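Survey of secondary and tertiary structure
Letter by letter, the chains look like this.
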Amino acid sequence: MKTSRKIFITSIITLITSLFISCYTPSPLYGTWADNDGDKIIFMDDGTFSATIIGTDESSTLYSGAWTVIDNVLVLNIQGDNAAVRNTEWDIRGALLYIEWTANNTTKTLKLYHIAR
């Protein structure tokens, strides 16, 4: 009797754990995205990001902060010297991320390849 009760309890715990694990879907943005021009954005699973964006004068600017997604809008809360909140639409097609990066009164269309998880 005790053995069948242990099996039943173990089965219930396994079922509940499986349900919770199957409900979690990680964001497709997680990972490292880069292009051949030197632009790079890393989205971490803790809701933070870091980015290196190449300007029109070929200089690179580093950004970091927090990110969230609301429907199809990516909200970037940039910290530090470049502190701002940026909202942009994003689209992933295959292994490519399409995003508009706006900073310093300049908008740059980025087409980034998913290079690491």
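Residues numbered from 1 in each chain as written. Predicted model: local features only at pLDDT ≥ 70, side-chain atom pairs only at ≥ 80, totals over all residues. Heavy atoms only, no water.

**Structural notes on the overall build of the protein chain**
For clarity, the cut-off: Under the scheme used here, helices are H or I runs from DSSP no shorter than 4 residues and strands are E runs no shorter than 2 residues, and both carry numbers assigned from the N terminus. Throughout, exposure labels follow a simple rule: accessible area from a 1.4 Å probe, protein chains only, divided by the maximum for the residue type, with under 20% read as buried, over 50% as exposed, and the rest as partly exposed. Should any heavy atoms of two residues lie within 4.5 Å, those residues are considered in contact. In this description, accessible areas are obtained by the Shrake-Rupley approach with a 1.4 Å probe, and a residue is regarded as covered only by the protein chains that are shown. Note on charges: Lys and Arg go in the positive column, Asp and Glu in the negative column, and His and the chain ends are not counted at all. Every charge is mapped onto a representative atom, which is NZ of Lys, CZ of Arg, CG of Asp or CD of Glu.
If you tally the helices and strands in the protein chain, you get one helix and eight strands. The order of α-helices and β-strands along the protein chain, N terminus first, is α-β-β-β-β-β-β-β-β. Taken along its principal axes, the extent of the C-alpha atoms in the protein chain is 75 × 30 × 20 Å. With 117 residues in all, the protein chain has 27% of them scored as buried. Sequence separation of at least 24 residues holds for 30% of the intrachain contacts in the protein chain that already meet a minimum separation of 6. Roughly 8,000 Å² of accessible area belongs to the protein chain as shown, and the carbon and sulfur atoms make up 57% of that amount. Of note, the protein chain has its 9 positive side-chain charges centred 20 Å away from the centre of its 12 negative side-chain charges.

**A word on the nonpolar core**
Across soluble globular proteins, you tend to see nonpolar side chains buried next to one another. The cut-off we apply is this: We call a set of buried Ala, Val, Leu, Ile, Met, Phe, Trp, Tyr and Cys residues a nonpolar core when their side-chain atoms join them within 4.5 Å.
Core analysis: the largest hydrophobic core is formed by 20 residues, its most contacted members being Phe43, Phe49 and Trp101. Secondary-structure elements contributing two or more residues to this core are β2 (40–43), β3 (48–54), β4 (60–70), β5 (73–78), β7 (96–103) and β8 (106–116). Per element, the largest residue contribution to this core is four residues, and it comes from β7. Those residues in contact with phenylalanine 49 that sit more than four places away from it in its chain are Ile42, Phe43, Met44, Tyr63, Ser64, Gly65, Ala66, Trp67, Leu76, Asn77, Ile78 and Trp101.

**A closer look at the sheet that holds β7**
Worth spelling out the cut-off: Any two strands between which DSSP finds at least two bridges are classified as paired. Interaxial angle, 0 to 180 degrees, is taken between N-to-C directions of lines fitted to C-alpha atoms, where a helix line uses only the stretch in contact.
Taking strand neighbours around the barrel as the criterion, the eight strands line up as β1-β2-β3-β4-β5-β6-β7-β8 in a closed arrangement whose pairing is antiparallel. Strand-to-strand twist in this sheet, taken as the mean axis angle between neighbours without regard to direction, amounts to 30°. Note that β3 and β4 share seven bridges and pair antiparallel. What sits directly across from threonine 48, in β4, is alanine 66.

**Let's talk about the packing of aromatic side chains**
Convention followed: Aromatic contacts are taken between Phe, Tyr and Trp rings whose centres are within 6.5 Å, Trp giving its six-membered ring; a plane angle under 30 degrees counts as stacked, one over 60 as edge-to-face, and the others as tilted.
All told, the structure shown has three aromatic pairs when counted by the stated rule. Taking the centre distance of 5.8 Å and the plane angle of 75° together, the rings of tyrosine 30 and tryptophan 67 count as edge-to-face. Within this pair, whereas tyrosine 30 is found in the loop between α1 (2–23) and β1 (31–34), its partner tryptophan 67 is found in strand β4, the two being separated by 37 residues in sequence. Assessed through its relative accessible area of 19%, tyrosine 30 is described here as buried. Given a relative accessible area of 8%, tryptophan 67 falls into the buried group. A ring pair is formed by phenylalanine 43 and tryptophan 67, whose centres lie 5.2 Å apart and whose planes are at 70°; its orientation type is edge-to-face. Residue phenylalanine 43 is located in strand β2, and its partner tryptophan 67 is located in strand β4; the two are separated by 24 residues in the primary sequence.

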